[in-house]
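The primary structure of each chain is shown beneath.
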Amino acid sequence: MAQRLAGATQRALGATLMKPTTRDWLRRNLFSNAFSSVTTLALLAAALWWLPGLIDWLLLQAVFRPDAAACEAVHHAGACWGVVAEKYRVILFGRYPYEQQWRPLLATVLLLSVILASGLRLLPRNALLAAWTLALPGFLLLMGGGWFGLGRVGSDQWGGLPLTLLLATLGMLLALPLALLVALGRLSGLPLLRGLCTLYVELVRGVPLISVLFLASFLFPIILPQGYSIDVLLRVQAGIVLFAAAYLSETIRGGLQGVPAGQHDAAAALGLGRWQALRWIILPQALRAVVPSMMNSAVSIFKDTSLVTVVSMYELTGALSLALAGDAEWRSFHLEGYLFIGLIYWIGCYSMSRFSRGLERADGIPRAAA
Amino acid sequence: MRTFQIAVLLLLFHLTPAHAGKTLDQVRQRAQLVCGVSTGVIGFSSADSQGRWNGFDVDVCRAIAAAVLNDADKIKYVPLNAQQRFTALQSGEVDLLSRNTTWTLTRDASLGLHFTAITYYDGQGFLVPKKLRITSAKQLKNAEICVQSGTTTEKNLGDWFKAQGIKVKPVVFEKFEASIKAFFSGRCQAYTTDASALAFIRSKEAPQPDDYVVLPELISKEPLGPVVRRGDDEWFAIVKWVVFALIEAEEYGITQANLEQMKASTDPAIQRLLGTAEDSGKLLGLERDWAARAIKAVGNYGEMFQRNVGSGSPLKLPRALNALWNKGGLLYAPPIR
Amino acid sequence: MLLAAALVAALWWLLDVTAANMAERGIRSGFDFLREPAGFAIGESLLPFDSTDSALWALAAGLANTLRVALPAILASTLLGTLIGLGRLSPNLLLRGLCAGYVETLRNVPLLLQLLAWYFVVTDLLPLASEALQVAPHVFLSKSGLAIPWLGGDAGVFDLPLRGEMNIVGGATLTPEFLALFLGLSLYTAAYVAETVRAGIQALPRGQSDAALALGLTRVQLFRLVLLPQALRSIIPPLTNQHLSLTKNASLAVAIGYPDLVSVANTTLNQTGRAAECIALIMAVYLILSLLTAWLSAWLERRSGRWAQRS
């Protein structure tokens, strides 16, 4: 209470002392010098020139009804949001059987709420762990079926948003432990282990993700012994995990190397073994320091899942072309579709990066050098 | 630590190939046929909103499952794109590839595969907008031609125009949807693929089917048929002869509907086919009534064609080359005896 | 060097295992197919290419196409990104907000989606090739791309584009695929470059700016003479990383029909069925590009260090 009072007094005091008038504010932020004034005027002019047309297209002239004829009639003078109204089920769920689409919906909600609960720290740690261990099998159970009277739906029919979420979430969750092992391997004293880990990281970071996906999708079956086969979704997921782990391990290695040498010495002086020191002293500090960079990797993984459309999987991006390219009536309204799923990706990525910046501020974590 | 390093090495070099079991035994053991199909070509293999597969290529799978397992529904369909298809078969991920795949020497001789029999005679053609007033592919000089990657199409295009001394620019897309979208947005002056697909693309994908024409030339031979792995002659024979049986059935007028009456036929050829006299199944490692089961599941070749791609389907393709040999077509099955 | 040797050894080993597997299954393997005629045509190529040329030459043409889009895009993204990065540090609120908005929008949407959208915009908004827009004498803009006069040709020094029966003939054409890929890669990477530049400058002690301004330097002089030379040292390594990602991202060309290395290798894979070899080739080429870039980056870092000391 006392604190709040003090804060309020301070603010009031500051206001009377500074008395920032609108004029001052404008001068400081928009017209500080000749160049700044010209920029402001130019940008305002550009806004006046462009904005009305944009608003016209986005809203005023736009068609919101799922009516292709009405969309055709406005001749692209206004957006055709009707395309989203007409096709949202295919865009969001891909080829999943139509009557069963409550299952991917429920699965998506389940996974999203656990992710949100973790991000917003709504649950204590143990409950969170339990929620994750229930949510992932729950997700797969809902999607795949075959139990509790749910019909089986093969993974080749999964698609849309749930597939994107699954690939990104599992990609991140499985890549983390692997990345940690690889990072420790690169710092280990065994030359062979260190060499192998370095090799893996450099190899993967040197090639584009698409070639890794090709490898997983086209080539992996040949490398496996005959008679063994792995579902293509699993192979692609493995490809994403292996790819993401290489980048993550570099982040973690940076964190491990950033822990001052004194910490190792101090742990040793306390009589802790190597592994004990790692588990209780080094890792907590190292991981804490790199959480924001890891969030950046999570954003990348989320965006990168869009590439699996190139190997014929119908996640969000693939599902959009499935929905629109094959339908002559709606084909010319792709741009609206791209904007729609672009917004979905943007919301995901932007909230993740906001979350990471929030962590940086809250924990006073120094910005990790990129 | 040294042991650890050796263990890592051993683990790495452990990945040596295992030997293949007999496909027929594997299929029987798991009571399921694993069939590689396309990711979606209407009429040949496509999944409906329920995930049920149907089409001409799918019916070939069903006929084989019926002959081997006596149940045309015991099939797992694995949708494969153009690049995945051969490795999926080579690696044993699928027992059979029934996915509009063209029989060529390179594929037959160097990929560790065997093409079994031809189920559909196709050829590559062109679709062009009517307003360009083109009547022959030879007029496509300097044209940009949209094409989907992963088919024999690109090579035919190169060969044929090279032979004609005409320069064209292919615009190659990874996915069917993208290639179609580009063509109908006007990016290319022509679209090329197998003629069977062109008919469908014109009628179903074009904004106004009448604004587009299919050019008369077919620039290549595209014999399509099911493919199996090398090194399993027994399975190779089964797939081949099930296809022949369907063709024979049409020749002898055996249909899904009259199958039971035909079993009483006194014609020795029909008796052999349906297993009422000689046991032809024994030679293939199948039951006596293998052919009858296949016909019961999908009908004879003609019925299969009519239902999926012919007059009974949206594609309305003519029989043309795919008529029986005695009706002006190329279908000719070796005798079943 | 040791690393490079190890990489090659690892690739060789992987190929060896796969080859053994394939031999067992009666699949032909090896790189002999590279000498055979490719058999397919390539839509646009920097190198002269014909369907009777070898598959190896086709892949070389693909690599040339990758570099043809990557190098200009690297240049464009660096310029644009630097401007936007500086814009984010501007005292002008509007400019700062605009640049921040640019970065936050472009960075948070997958590149593939942006490429598809650009490609759609380019092919959908422009007129048909038969009704091409004439922007300037002998410069045509249509769904077939931007046709411009170019050196060479039969007639004389310049090869001029002309209206043909159904398409523009002659000159050089920047296809819609190229334009979309170039635009998409440049704009997307510019957002990352902007962040790199901003971080590099913000990491400098504030005293530097204050001192320079106190000395009477203008803001432009401040950036050019004081901040950029110092920031360059910390900017160059992440910047070359961005350039490398751009080159790797150019492989998304396969989705919009631009014949880059991956796209050509993919076609070769389909024609020959040599999946292992083609994918190994793609990876090997990109690995070599990465190693070259790493080496270039180290060299630049040394140079910029010297430059910073001099100025």
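Residues numbered from 1 in each chain as written. Chains lettered and ligands numbered in written order. Predicted model: local features only at pLDDT ≥ 70, side-chain atom pairs only at ≥ 80, totals over all residues.

A few points about the packing of helix α3 (residues 93–107) of chain C against helix α5 (residues 176–202) of chain C
Residue and element names in this part refer to chain C. One can describe the packing of α3 onto α5 by two numbers: an axis separation of 9 Å at closest approach and a directional angle of 120°. Relative to α5, the element α3 lies oblique. Crossing handedness for the pair α3 and α5: left-handed. Here C99, Y102, V103, L106 and R107 of α3 lie close against α5, whose contacting residues are L187, Y188, A191, Y192, A194 and E195. For the contact of α3 with α5, a count of residues per class yields nine nonpolar, no polar and two charged. (Axes fitted to C-alpha atoms, helices over the stretch in contact; angles between N-to-C directions. Helix = DSSP H or I, 4+ residues; strand = E, 2+ residues; numbered from the N terminus. Parallel < 35°, antiparallel > 145°, perpendicular 65-115°, else oblique. Left-handed = near helix turned anticlockwise from the far one by under 90°. Contact = placed C-beta atoms within 7 Å. Nonpolar A, V, L, I, M, F, W, Y, C, P; charged D, E, K, R; others polar.)

Describing α5(C)
Residues and elements named next belong to chain C. Taking 1.5 Å per residue as the helical rise, α5 with its 27 residues ought to reach 39 Å, and the 39 Å between its terminal C-alpha atoms agrees with that figure. For α5, the principal kink sits at A190 and spans about 25°. Counted residue by residue, α5 has 22 buried out of 27 residues, so it is predominantly covered. (Expected span 1.5 Å × (residues − 1). Bend = angle between axes of the 7 residues up to and from the residue. Buried ≥ 20, exposed ≤ 12 C-beta atoms within 10 Å, placed from the backbone.)

Focus on the sheet that holds strand β10 (residues 169–173) of chain B
Residues and elements named next belong to chain B. Taken together, five strands build an open sheet; the order of strands is β10-β9-β11-β8-β12 and the sheet is mixed. Two strands lie at the open edges of the sheet, namely β10 and β12 (212–214), each paired on one side alone. Taking each pair of neighbouring strands and ignoring which way they run, the sheet shows an average axis angle of 30°. In this sheet, strand β11 (residues 190–194) lies alongside strand β9 (residues 144–148) in parallel orientation, the contact comprising two bridges. Counted as the bridge partner of C146 is Y191 from β11. Docked against the sheet, helix α8 (residues 195–205) engages β8 (124–129), β11 and β12, running at close to 25° with respect to β8. (Pairing = 2+ DSSP bridges.)

Notes on the pairing of strand β2 (residues 139–142) of chain C
Residues and elements named next belong to chain C. Bridging between strand β1 (residues 133–136) and β2 involves three bridges; their strand directions are antiparallel. Residue pairing across strands places L133 opposite L141, the latter belonging to β2. Hairpin connection from β1 to β2: two residues lie between these consecutive antiparallel strands, with H138 at a positive phi of about 60°. Pairing geometry for β2 and strand β3 (residues 145–148), over three bridges, is antiparallel. By the bridge assignment for β3, F140 is matched with A147.

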